[in-house]
Amino acid sequence: VYTPNSEHVLNIFEPRYRKMYTDILMNGSKRFVVSMSHPSKEGVFAQTGVIFYLEDLKEVSELTDDKVKYICNHKVTKRIKLHKVLNPEAWENKETYLKIEGTILDDDDDDDDDTWPPFVL
């Protein structure tokens, strides 16, 4: 379960997620959105996701014969309301990661806080 202040370790091996990590490192944001997909409806996502903030990244491709590129530690920082998937074709072709527009939610008062287009999913 992804809830604010929880911590998660991810092994990054798929090319599209390798690209996403390069992008979030290069743009300095070090964060991305994670949303659950519908269990039986392909390409349908929850309306609310969470923001993963990258706290630590280890490059392990030499140790894993390039099967895993990074081992990453993350902290979930906030929730986000998803408005729109900007590149829905990426769900089908898997050539890149999904990008979304969304609004960061302030969990203290449940009002919308900041709009951050585009975010990555």
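Structure shown above.
Definitions and limits used
- Residues take numbers from 1 onward in each chain, read along the sequence in its written order.
- Local features are withheld for residues below a pLDDT of 70 in this predicted model, meaning they are given only at 70 or higher, and side-chain atom pairs are given and counted only at 80 or more; totals for whole chains, interfaces and linings count all residues.
- Water and hydrogen atoms play no part in the side-chain values, which are based on all heavy atoms of the structure.
- Put simply, a salt bridge is a Lys or Arg side-chain nitrogen that is within 4 Å of an Asp or Glu carboxyl oxygen.
- For helices the rule is a DSSP run of H or I covering at least 4 residues; for strands it is a run of E covering at least 2, with both sets numbered from the N terminus onward.
- Only protein chains enter the accessibility calculation, which uses a 1.4 Å probe; a residue is then buried when its area is under 20% of its type maximum, exposed when over 50%, and partly exposed in between.
- We define a nonpolar core as any set of buried Ala, Val, Leu, Ile, Met, Phe, Trp, Tyr and Cys residues linked to one another through side-chain atoms lying within 4.5 Å.
- We call two residues in contact when some of their heavy atoms are within 4.5 Å.
- For the purposes of these results, a polar contact is taken to be a pair of N or O atoms within 3.5 Å, where, inside protein, one atom must be able to donate a hydrogen and its partner to accept one; residues adjacent in sequence count only when each atom of the pair is a side-chain atom.

Novice: Lay out the pattern of salt bridges with the relevant residues and their values.
Specialist: A full pass over the atoms with the stated rule returns five salt bridges. Measuring nitrogen to oxygen at the nearest pair gives 3.1 Å for the salt bridge that ties Arg18 to Asp66. You can see Arg18 sitting in helix 1 (residues 15–26) and its partner Asp66 sitting in the loop between strand 3 (48–59) and strand 4 (70–85), a full 48 residues away along the chain. Owing to a relative accessible area of 18%, Arg18 belongs among the buried residues under this scheme. You can call Asp66 partly exposed: its relative accessible area is 43%. Notably, a salt bridge pairs Asp23 with Lys19, separated by 2.8 Å at the nearest N-O pair. One end of the pair, Asp23, and the other, Lys19, are both in helix 1, four residues apart, so they sit about a helical turn from each other.

Novice: Explain unusual backbone geometry to me, and be specific about the residues and the numbers.
Specialist: Glycine aside, residues mostly have negative phi, and peptide bonds are mostly found in the trans state. A positive phi is found at Lys30, a non-glycine position, where the angle reads about 55 degrees. If you trace the backbone, Lys30 turns up in the loop between helix 1 and strand 2 (31–34).

Novice: Go over the nonpolar core, please, and point to the residues and values.
Specialist: Counting 13 residues, the largest nonpolar core has Met20, Tyr21, Ile24, Phe32, Phe52 and Cys72 as the members making the most contacts within it. For this core, the secondary structure elements donating two or more residues are helix 1, strand 2, strand 3 and strand 4. Apart from residues no more than four positions distant in its own chain, Phe52 is found in contact with Tyr2, His8, Leu10, Lys30, Arg31, Phe32, Val34, His74, Lys75 and Val76. Grouped together as the second largest cluster of nonpolar side chains are six residues, Ile51, Leu82, Ile100 and Ile104 included.

Novice: Now, about the side chain of Ser61: what can you tell me, with residues and values included?
Specialist: Note on placement: Ser61 falls in the loop between strand 3 and strand 4. What makes Ser61 buried here is its relative accessible area of 13%. Side-chain polar atoms of Ser61 contact the side chain of Glu59, separated by 2.8 Å. Leave out the neighbours within four places in its chain, and Ser61 touches Asp66, Val68 and Lys69.

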